[in-house]
Amino acid sequence: GRLMMAVTTGAMVSSVKRLISVQAVLTALGLVTGIAVIFLPFGSIFLKPYVVWEIGVADSLAEVAAIRYESSLAYFLGLLINMPPLVPLLLAVPISAGYLRWLTTGGLAPWAWRTGYTLAVLTGAAVVSWFGWIVFLGMLSYAKQALAPICILASLGLGGWVVMRNRRAGLPHALNTLIALQVVYVADALGLLVIFIPDSKLGDSIRWRIGALFALLTVVVYVVQIVLGSLRKGEPEPQVGSSGVPNTRRASR
């Protein structure tokens, strides 16, 4: 009996180590692609006769920070309308930092995972509100774009169910809060990818840029991490101090 238990325990430990090693590779890949999205143009919209909007996270934030009106007030107002859905792509920063901390220490400080949950809820609500607003304004002008809100609601609904199921199954908050943030990122990125998807009827008036391709890669990485993370169930919550350093004593759930 003891031998069987030892063999079973050893197999479980080996399996967990393999999952962690895969998570490490995915974290590194997600770090590169997620950060790249921030600094690269996501998509472009050509408005006849001459205005071309190159829409990206860093550029949009810089434009608003400098309050550059460029050619007209309409340009600035359009920038404000186009910026909100790009902001959630900044979640790649706390997601990458959180995974690096989780891989190196095995957990997150209580304030960190509580902040992560709060950020996920607020950002998710903001994404739904923004896309609801542009639907109300009738800005989704063709059939493919109309799929964006459906993709977002479906992603958030399924992702929210996964997060709640993970907690009922005993997944530690440290990992589950990162999954929650990834769910919001995936939902927002999918919505944007659908909005900027090229359409033969519109020619080159709207299209993906290199940032959109990196966003698609990031979505794939995050989805795989969500699946792998959700497989780690029934683990005790690591006791981590406020500084993020694990305590020696075992934490109770």
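Just above, that's the structure.
So, here is what we can say about the structure in this document. As the structure is a computational prediction, the values presented were derived from the model and not from experiment. (Residues numbered from 1 in each chain as written. Predicted model: local features only at pLDDT ≥ 70, side-chain atom pairs only at ≥ 80, totals over all residues. Heavy atoms only, no water.)

1. Re the side chain of Gln23
Thinking step 1. Checked against the element boundaries, Gln23 lands in helix α1 (residues 2-39).
Thinking step 2. Accessibility expressed as a relative area gives 1% for Gln23, which makes it buried.
Thinking step 3. When near neighbours in sequence (up to four residues on either side) are disregarded, Gln23 contacts Tyr99, Trp102, Leu103, Gln225, Leu228 and Gly229. (Helix = DSSP H or I, 4+ residues; strand = E, 2+ residues; numbered from the N terminus. Buried < 20%, exposed > 50% of the residue type's maximum accessible area, 1.4 Å probe, protein only. Contact = heavy atoms within 4.5 Å.)

2. Topic: the environment of Leu122
Thinking step 1. Residue position: Leu122 is located in helix α5 (residues 110-137).
Thinking step 2. Relative accessible area serves as the criterion here: at 58%, Leu122 is assigned to the exposed category.
Thinking step 3. Leu122 sits 62 residues away from Val184 along the chain, and the two C-alpha atoms are 9.7 Å apart.

3. Notes on the packing of aromatic side chains
Thinking step 1. A full pass over the atoms with the stated rule returns 4 aromatic pairs.
Thinking step 2. Aromatic pair Tyr99 and Trp102: ring centres 6.0 Å apart, planes at 85°, arrangement edge-to-face. On the criterion of helical spacing, the pair formed by Tyr99 and Trp102 is a turn pair, its members being 3 residues apart in helix α4 (residues 92-105).
Thinking step 3. Residue classification places Tyr99 among the buried residues on the basis of a relative accessible area of 1%.
Thinking step 4. The class for Trp102 is buried, based on a relative accessible area of 7%. (Phe/Tyr/Trp six-rings, centres within 6.5 Å; stacked < 30°, edge-to-face > 60°.)

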